[in-house]
Structure formats: structure tokens, C-alpha cells
Amino acid sequence: MAATLRIQSDWSRALSKDEGEAWLSCRSPGKPTLYGSVTRRGLGSDGVPDIAASEGFVVGEVTKKSILISCPHENVSTKFLAPYTSFCRIHQKSITCLDISSGGGLGVSTSTDGTMKIWQAANGEIRRLLEGHVYDVNCCRFFPSGLVVLSGGMDAQLKVWSAEDASCVVTFKGHKGGILDTAIVDRGRNVLSCSRDGTARLWDCGKSACLGIIADCGAPINGIAAGTADSSLNLGTPEKPPSEREVGTEGKILLLAREDKKLQGVGLQSRQPVFLFVGSDAFNCCTFLSSTYILAGTQDGNIYQLDVRNTNAPIQVIHRSGAPVLSLLPYRDGFIASQGN
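Residues numbered from 1 in each chain as written. Predicted model: local features only at pLDDT ≥ 70, side-chain atom pairs only at ≥ 80, totals over all residues. Heavy atoms only, no water.

Participant: Looking at this structure, I do not really get the overall build of the protein. What am I missing?
Facilitator: The secondary structure content of the protein amounts to one helix and 29 strands. Here the protein has a C-alpha radius of gyration of 22 Å; the compact-globule value for 341 residues is 20 Å, and the two agree. Counting only C-alpha atoms, the protein reaches 70 × 50 × 30 Å along its principal axes. The buried share of the protein, reckoned over its 341 residues, is 48%. Intrachain contacts of the protein at a sequence separation of at least 6 include 38% that bridge at least 24 residues. A total of about 17,000 Å² of accessible surface is found on the protein, and carbon and sulfur atoms cover 47% of it. In the protein, the 34 positive side-chain charges and the 33 negative ones have mean positions that sit 2 Å from each other. (Helix = DSSP H or I, 4+ residues; strand = E, 2+ residues; numbered from the N terminus. Rg over C-alpha atoms; globule rule 2.2 N^0.38 Å. Buried < 20%, exposed > 50% of the residue type's maximum accessible area, 1.4 Å probe, protein only. Contact = heavy atoms within 4.5 Å. Areas by Shrake-Rupley, 256 points an atom, 1.4 Å probe, with all protein chains shown as cover. Lys, Arg positive; Asp, Glu negative; His and termini not counted. Charge placed at Lys NZ, Arg CZ, Asp CG, Glu CD.)

Below, the structure written as C-alpha cells:
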């Protein structure tokens, strides 16, 4: 397992001062953690900060927005990127979920401060406060149109909101436990949810009705992802013809990140199991890299890459730290992961 190099503070703020300082650590599994610091000594003639590192660390390329730092002893290097913009006044406490509209103009986020808000992505200006859930809101996402928001909360309710006037246009009830994640099928006539009650459900937005239970796992489902399956994959056959209200479920597979250390694939239209993979700890999140390759993250910090055509063994297991993997997002030829550290 590779060593992990971290800056233990907001270095972009610390190093924006004339003599700012930020703390470093380099952790390699089974070895003592190495500690150090980076210090800004002023500005160079080109306006780029002059940065020095303490013993054991080396500063490489420095720009106004990034620092490359290496730890030769562990043969590891990391480029740290500064945020281009920070919005500090949208929420008062930790952000639990966020999404950006397809056009990039709006953001929606939920927080442990108990609020869900829509805001301008350009400047963080709050546009709407979405009120209606009882207790915490766990998840939120925009429909492809960018004009509608889907949310799920600890009150076991799934809600659809207008981003234009903050009205709640649909409420789905049926889950027996808090909703932990959602997914949207194609353009959004159908949506999906998963819950602490161990079920994943398909809903019809037009009729405000549950079209069926896709899976009943007997353990909380922490995350889901729906995607088009590789054509060689056998998704099974529905036991009865699907409702005419089901739109876009054919040829798709639903991934279930389960609390009982299992990652499951289910045919979205057939409701039939496709694969079951057992990991090292509870699965928190999952996503598609393509119709063939998927990713899933666990509570003990593992990221599994699997081929849906053969899940007997993972393609690779990435372990950067023991902190829980909380979310995964495909990005260009790779992916972005967030961890609870």
C-alpha cells in the first residue's frame, strides 16, 4: 500500500500570508508517520510564493494555485491544489451532500445544520431554501434539466422540488427507514432510492407512485448507481411484464453499496441479481466508470475497481488511507474520491 502525503491545514490560506506556515505528514502503512512543515518566505519576482520545506520534504514546482511536495524517504509526491473559490456562508456546519446543475449555473447542498439550499455556482449567492423534510436531509441531486431537485431524508421521504420557486411538487412515501442515496433514470420520469430499511425502490414521478422494490437486502443500502450494462451481461428476465410507467430501465444495472460488506448488481428492469461481491468492510458508495468497469468505496478506506462481467476478483484495490471512502465521481480518464479525513 502506497504512502500518503498530506497537508494538515488549509495551506492556501496559511501560505497567502507573508510568512505563512502549514503542517505536513507522510504516512506509510506499518511505519511511523513523518511530520514536517512548509513555510512561505515571501514572493518571488514573478509573483509566485517562495516556499521552503522542513527536513525530509522537498518542494517542487510552485504556482499561484498549486504546490508539488515530495517525501524522498518514502518515494512519494503529491500536488496540492488551492480552491479557485470558497463559499463559507452557505451553511453553518458540515456539508453532507451537494450537486451542480448540468449547465453549471446552480448548486444544491445539504448540511448537518439541518438545511438544504440552492445557490449560484458562480458566487455562492443563496437563491432558495428548500424546507419540508423532517430531521436531516441526507442526499440531494439535480434532474438533468437543472430545474428540478431530488432529495431524500431521515424522515424516510423522497421529495421532488422546483429549483425556480422552492415548491415541493412530489413526495414519495414507502420506505421504512431513512433514505441514504438516490439516482435518476435517464431524463427523470423514474427515480431510484435506497434506504436504511434495506430496500432499493423505483418511483414514477408522474403518478407519485412506487413502481416496485428493486432489491430487498436485509441490510442498509448506503449508496446506489444506475448505468447501462455491457451487452454481454445477462441481466435476467422480469417475472412479470414491467409497468408501462417504467421508462428507461431496460438494459440497465443497479449497483447497491451495502452495509453488510457486499456490493451487489441487480438488473434494473428484471429485479434479478447479477453479481454479489464481498469486500473488506461496509460499502459506502459506488459509481460507473463505463458499461464494463465500476468503482466502490468502503468504510475502511478501500476503493475497489471491478469488471461487471467477472467480479470474482477486483481489477485493483486502491488504499490511500484508512479513512472511510464517502463518495466517488468519474472524472476524465480517472475518478475523484472523497474520504473522511
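Continuing now.
Participant: Please clarify how a nonpolar patch on the surface should be interpreted in this entry.
Facilitator: On the surface, Ile-95, Leu-98 and Ile-100 cluster together to form a nonpolar patch covering roughly 260 Å² of accessible area. Its location among the elements puts Leu-98 in strand β8 (residues 95–100). For Leu-98, a relative accessible area of 49% translates into the label partly exposed. (Patch = residues over 30% accessible without salt bridge, like charges linked within 9 Å, V, L, I, M, F, W, Y side chains within 5 Å. Salt bridge = Lys/Arg side-chain N within 4 Å of Asp/Glu carboxyl O.)

Participant: Teacher, can you tell me more about the UniProt feature "repeat: WD" (unreviewed entry) in the protein here?
Facilitator: UniProt's feature table lists "repeat: WD" (unreviewed entry) at residues 88–129, 130–171 and 172–204, given in the numbering used throughout. Taken as a whole, residues 130–171 contains 0% helix and 52% strand, while its terminal C-alpha atoms sit 13 Å from one another. Along residues 172–204, the helical share is 0% and the strand share 64%, with 9 Å between the first and last C-alpha atoms. (UniProt positions renumbered as here; feature names shortened; annotations may be inferred.)

Participant: Mind showing me how you'd approach the nonpolar core here?
Facilitator: Nonpolar side chains in soluble globular proteins tend to be buried together. One finds Val-108, Leu-130, Phe-172 and Val-191 to be the most contacted residues of the largest nonpolar core, which totals 25 residues. Every element with two or more residues in this core is listed here: β9 (106–111), β10 (116–120), β12 (137–142), β13 (148–153), β14 (157–162), β15 (168–173) and β16 (179–185). The greatest single-element share of this core, amounting to four residues, is contributed by β12. Apart from the residues lying within four places of it in its own chain, the contact partners of Leu-130 are Val-108, Met-116, Ile-118, Val-149, Trp-161, Ser-162 and Ala-166. (Core = buried A, V, L, I, M, F, W, Y, C linked by side-chain atoms within 4.5 Å.)

Participant: Just to check I follow, could you spell out the pattern of salt bridges for this structure?
Facilitator: Side chains that differ in sign of charge can pair as their charged atoms come close. Enumeration according to the criterion identifies nine salt bridges in this entry. Note that Arg-258 is salt-bridged to Asp-260, the shortest N-O span being 2.7 Å.

Participant: Would you mind going over the environment of Asn-222 with me for this structure?
Facilitator: With respect to the helices and strands, the residue Asn-222 is situated in strand β20 (residues 221–228). Note on Asn-222: relative accessible area 16%, which makes it buried. Not counting residues within four places of it along the chain, the set of residues in contact with Asn-222 comprises Leu-180, Asp-181, Cys-194, Ala-257, Arg-258, Glu-259, Phe-283 and Asn-284. Side-chain polar atoms of Asn-222 contact the backbone oxygen of Phe-283, separated by 2.9 Å. (Polar contact = N/O pair within 3.5 Å; in protein donor to acceptor, adjacent residues only side chain to side chain.)

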